Amino acid sequence: MLLAERIESGADLAPAVRRLLPDVVVDGCRESGGIETEYSVLRRALPDASMLVMMCAEAPRVRPELTRLAPKVGFVSTDESCDRFTEAIRRLADGGAVIGPDVALSTLKAKDNPLTVREREVLGLVLTGASTREIADRLCLRVGTVRNYLSNSIAKVGARTRVDAVRIAQDEGWI
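This report concerns the structure included in the present document. Source: prediction; values computed, not measured. (Residues numbered from 1 in each chain as written. Predicted model: local features only at pLDDT ≥ 70, side-chain atom pairs only at ≥ 80, totals over all residues. Heavy atoms only, no water.)

## Focus on the pairing of strand E2 (residues 50–55)
Among the six residues that make up E2, six are buried, leaving the element largely enclosed by the rest of the structure. Burial along E2 is two-sided: the face carrying Ser50, Leu52 and Met54 and the face carrying Met51, Val53 and Met55 are both buried. Of the strand pairs in this sheet, E2 and strand E3 (residues 73–77) are connected by five bridges, and their pairing is parallel. Bridge pairing in E3 places Val53 opposite Phe75. (Buried < 20%, exposed > 50% of the residue type's maximum accessible area, 1.4 Å probe, protein only. Helix = DSSP H or I, 4+ residues; strand = E, 2+ residues; numbered from the N terminus. Pairing = 2+ DSSP bridges.)

## With respect to the packing of helix H5 (residues 117–127) against helix H7 (residues 143–157)
Orientation of H5 relative to H7, taken along the N-to-C sense of each, is 95 degrees, at an axis distance of 9 Å. Judged by the inter-axis angle, H5 sits roughly perpendicular to H7. Contact residues: H5 offers Arg118, Glu119, Val122, Leu123 and Val126, while H7 offers Val146, Tyr149, Leu150, Asn152, Ser153 and Lys156. Tallied by class, the residues present in the contact of H5 with H7 amount to six nonpolar, two polar and three charged. (Axes fitted to C-alpha atoms, helices over the stretch in contact; angles between N-to-C directions. Parallel < 35°, antiparallel > 145°, perpendicular 65-115°, else oblique. Contact = heavy atoms within 4.5 Å. Nonpolar A, V, L, I, M, F, W, Y, C, P; charged D, E, K, R; others polar.)

## Some words on unusual backbone geometry
Residue Pro71 follows Ala70 across a cis peptide bond; omega there is 5 degrees. Positionally, Pro71 belongs in the loop between E2 and E3. You will see that Leu21, though not glycine, has its phi angle at about 50 degrees, which is positive. On the accessibility criterion, Leu21 (54% relative accessible area) is exposed. Even without being glycine, Cys140 reaches a positive phi, approximately 55 degrees.

## A closer look at the pattern of salt bridges
Using the criterion set out here, one finds seven salt bridges in the structure. Across the salt bridge formed by Glu80 and Arg84, the nearest N and O atoms sit 3.4 Å from each other. Taking relative accessible area as the criterion, Glu80 reaches 16% and is therefore assigned buried. Judged by relative accessible area, which is 47%, Arg84 ranks as partly exposed. A salt bridge links Arg133 to Asp137, with the shortest nitrogen-to-oxygen separation between them at 3.3 Å. (Salt bridge = Lys/Arg side-chain N within 4 Å of Asp/Glu carboxyl O.)

## Here's the deal with the nonpolar core
Membership of the largest hydrophobic core comes to 22 residues, with the highest contact counts inside it found for Leu123, Ile135, Val146 and Val157. Where this core is concerned, the elements lending two or more residues are H5, helix H6 (132–139), H7 and helix H8 (162–171). The greatest single-element share of this core, amounting to five residues, is contributed by H7. Contact partners of Leu123, with chain neighbours within four places excluded, come to Leu115, Leu150, Ser153, Arg162, Ala165, Val166, Ala169 and Ile175. In terms of nonpolar packing, the next biggest core, distinct from the first, is built from 19 residues, Leu13, Ile35, Val53 and Val103 among them. (Core = buried A, V, L, I, M, F, W, Y, C linked by side-chain atoms within 4.5 Å.)

## A few points about helix H3 (residues 82–93)
Compared with the 16 Å implied by 1.5 Å per residue over twelve residues, the 17 Å span of H3 between its first and last C-alpha is a close match. Looking one or two residues past H3, Gly95 carries a phi angle of roughly 90 degrees, positive in sign. (Expected span 1.5 Å × (residues − 1).)

## Here we look at the packing of H6 against H7
Look at H6 against H7: their axes get within 8 Å of each other, and the N-to-C directions meet at 105 degrees. Viewed along their axes, H6 and H7 adopt a mutual orientation that is roughly perpendicular. Residues Thr132, Arg133, Ile135 and Ala136 of H6 form the contact with H7, whose participating residues are Val143, Val146, Arg147 and Leu150. Taken together, the residues that form the contact of H6 with H7 break down as five nonpolar, one polar and two charged.

## Describing the side chain of Ser153
Summarising the element assignment, Ser153 is placed in helix H7. A distance of 2.8 Å separates a polar atom in the side chain of Ser153 from the backbone oxygen of Tyr149. Contact partners of Ser153, with chain neighbours within four places excluded, come to Leu115, Glu119 and Leu123. (Polar contact = N/O pair within 3.5 Å; in protein donor to acceptor, adjacent residues only side chain to side chain.)

As structure tokens, then:
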């Protein structure tokens, strides 16, 4: 049986999962940023459920460290056939690991991520348009500390500006 419900925001995920009790949650087309957070929400709401993440076909890259979430989280490209997509859902429901060939190849080609977890968090918040002050408030840091994380990130990825650093980190699948 297939239950489907469109979830508009992360805040709606836990109530929907508790109501529907799915074996597998399918997360629509996305980059790899935010997957850990959504999976944490899912795990708290329904510990036995798995999540299938559909990676955007243009850049189906998964940060290599996300593979530690297998077999509870699987990854496929949006270019997968209907049959392969259905098989991926079945395999996850049965407790198997899933990573589509396009996603696997792209992940293997990815460069090592030079950014720390905190630097990725800071760049992720830059991506939302948050100011340095807003980032500091959200992460309970001093403004100077946020500036240091931004400077380090810019240098590590070889960028000129914070916006350039975000673009490079996104292109490489690091955030």
